[in-house]
Amino acid sequence: MPTLIEEIPEPESGGEKVSMPTQENNIKIENVSKITEIVEEKKQEKTVKNDTSRFGPKMTKEYLRKHCKEQKLYLTPYLNDVLYLHFKGFSTIENLDEYTGLKCLWLESNGIGRIENLNNQKELKCLYLQQNLIRKIENLESLELLDTINLSNNYITKIENLSCCKKLTSLCVSHNKIESYKDLEHLIECESISCLDLSHNSIEDAQVIEVFENMKNLHVLNLMGNPVIKMIKDYPVK
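Analysis parameters
- Residues numbered from 1 in each chain as written.
- Predicted model: local features only at pLDDT ≥ 70, side-chain atom pairs only at ≥ 80, totals over all residues.
- Heavy atoms only, no water.
- Salt bridge = Lys/Arg side-chain N within 4 Å of Asp/Glu carboxyl O.
- Buried < 20%, exposed > 50% of the residue type's maximum accessible area, 1.4 Å probe, protein only.
- Helix = DSSP H or I, 4+ residues; strand = E, 2+ residues; numbered from the N terminus.
- Phe/Tyr/Trp six-rings, centres within 6.5 Å; stacked < 30°, edge-to-face > 60°.
- Lys NZ or Arg CZ within 6 Å of the ring centre and 35° of its normal.
- pLDDT = per-residue confidence, 0-100.
- Contact = heavy atoms within 4.5 Å.
- Core = buried A, V, L, I, M, F, W, Y, C linked by side-chain atoms within 4.5 Å.
- Pairing = 2+ DSSP bridges.
- Axes fitted to C-alpha atoms, helices over the stretch in contact; angles between N-to-C directions.

This paragraph deals with the pattern of salt bridges. In this structure the tally under the stated criterion is 5 salt bridges. Of the charged contacts in the structure, one is a salt bridge between Glu116 and Arg114, with a shortest N-O distance of 3.8 Å. Among the residues examined, Glu116 registers a relative accessible area of 17% and is labelled buried. In this structure, Arg114 and Glu138 form a salt bridge, with 3.1 Å as the shortest nitrogen-oxygen distance. With a gap of 24 residues between them, Arg114 in the loop between β2 (104-106) and β3 (126-128) and Glu138 in the loop between β3 and β4 (148-150) connect regions that are remote in the sequence. Relative accessible area serves as the criterion here: at 40%, Arg114 is assigned to the partly exposed category.

Evaluated as defined, the whole model comprises 3 aromatic pairs. With centroids separated by 5.3 Å and ring planes inclined at 90 degrees, the aromatic side chains of Tyr63 and Phe90 adopt a geometry described as edge-to-face. Of this pair, Tyr63 sits in helix α2 (residues 61-70) while Phe90 sits in the loop between β1 (82-84) and β2, and the two are 27 residues apart along the sequence. The exposure class assigned to Phe90 is buried, which follows from its relative accessible area of 0%. Through a chain of ring-to-ring contacts, three or more aromatic side chains come together here, namely Tyr84, Trp106 and Tyr128. The ring of Tyr155 carries Arg135 above its face, with NZ or CZ at 5.1 Å from the centroid.

To continue, consider the confidence of the model for the chain. Close inspection of predicted coordinates is inappropriate in any region flagged by low pLDDT. The predicted model of the chain has a mean per-residue pLDDT of 86, with 76% of residues at 70 or higher. Counting contacts from residues 1-8, a segment whose pLDDT is below 50, to residues more than four positions away or on other chains yields 1 contact. Taken as a whole, residues 47-54 scores under 50 in pLDDT and shows 1 contact with residues more than four places along the chain or in a different chain.

Turning next to the nonpolar core. Ranked by internal contacts, the top residues of the largest apolar core, which has 50 residues, are Leu96, Leu105, Leu127, Leu184 and Phe212. Among the elements that make up this core, the one with the highest residue count is helix α4 (residues 208-213) (3 residues). Once residues lying within four places of it in the same chain are set aside, the contact partners of Leu184 are Ile159, Ile178, Leu198, Ile203, Val208, Val211 and Phe212.

Along the chain, the position of Ile193 falls in the loop between α3 (181-184) and β6 (195-197). Along the primary structure Ile193 and Ser163 are separated by 30 residues, whereas in three dimensions their C-alpha atoms are 9.7 Å apart. Residue contacts for Ile193: discarding those within four places in its chain leaves Leu168, Thr169, Leu171, Leu187, Met215, Asn217 and Leu218.

Quick look at the sheet that holds β6 now. Strand pairing within a sheet occurs via backbone hydrogen bonds; the two strands may be parallel or antiparallel. Sheet architecture is open: 7 strands sit in the order β1-β2-β3-β4-β5-β6-β7, paired in parallel fashion. Of all strands in the sheet, those with a lone pairing partner are β1 and β7 (220-222), marking the two edges. Across the sheet, the axes of successive neighbouring strands diverge by a mean angle of 5 degrees, strand direction being ignored. Relative to strand β5 (residues 170-172), β4 runs parallel, the two being bridged by 3 bridges. Its bridge partner being in β5, Asn150 is matched across the sheet by Cys172.

If you want it as structure tokens, here you go:
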């Protein structure tokens, strides 16, 4: 028996025909909604990806564990006395709390903007932070055994907050933004420093010589690339 199809009567007023919603239309609407949701999710994923590439990878606990495994270091954090974290693109020093046994930490050639989160590295002797984005020397109070620190190729304008490192013998701050006596006078309080590299700054204040004369243990001084060397008699110029 043939299927009966009911016709919807046309309005008597002569208006347009009214289409009744069908299951097919409902399915189409649901599909459009799902497609819209997927597009929005893709946009959010793209935004997150762009943010990650802009600010660099995070120094997470998971990353550090994976790194130790790849470098054939100890998976138990406090057993490691060295970490090679240079050329990784990090912008922040973080999640090193468990690495209490570190004696040498390599962090050069990243995008680090601040010295921080090193409170648990009380055994640290060597800290390499050259070629980063650091503007201030700070947060080194916990590093009582620190012997060597390299801060070359940053944006430091003043030597400060180093007198707390009583064991510090070698300081490299070449290729920074240091200019005057006031920028350097804190060095007089850093009595243990014997090797000082200030090359390729913008030092032109002849008074800085007084700073070096009052550094009790200074044996090696590099001032190459600074205008002030023209004012120092018998300074070796190559």
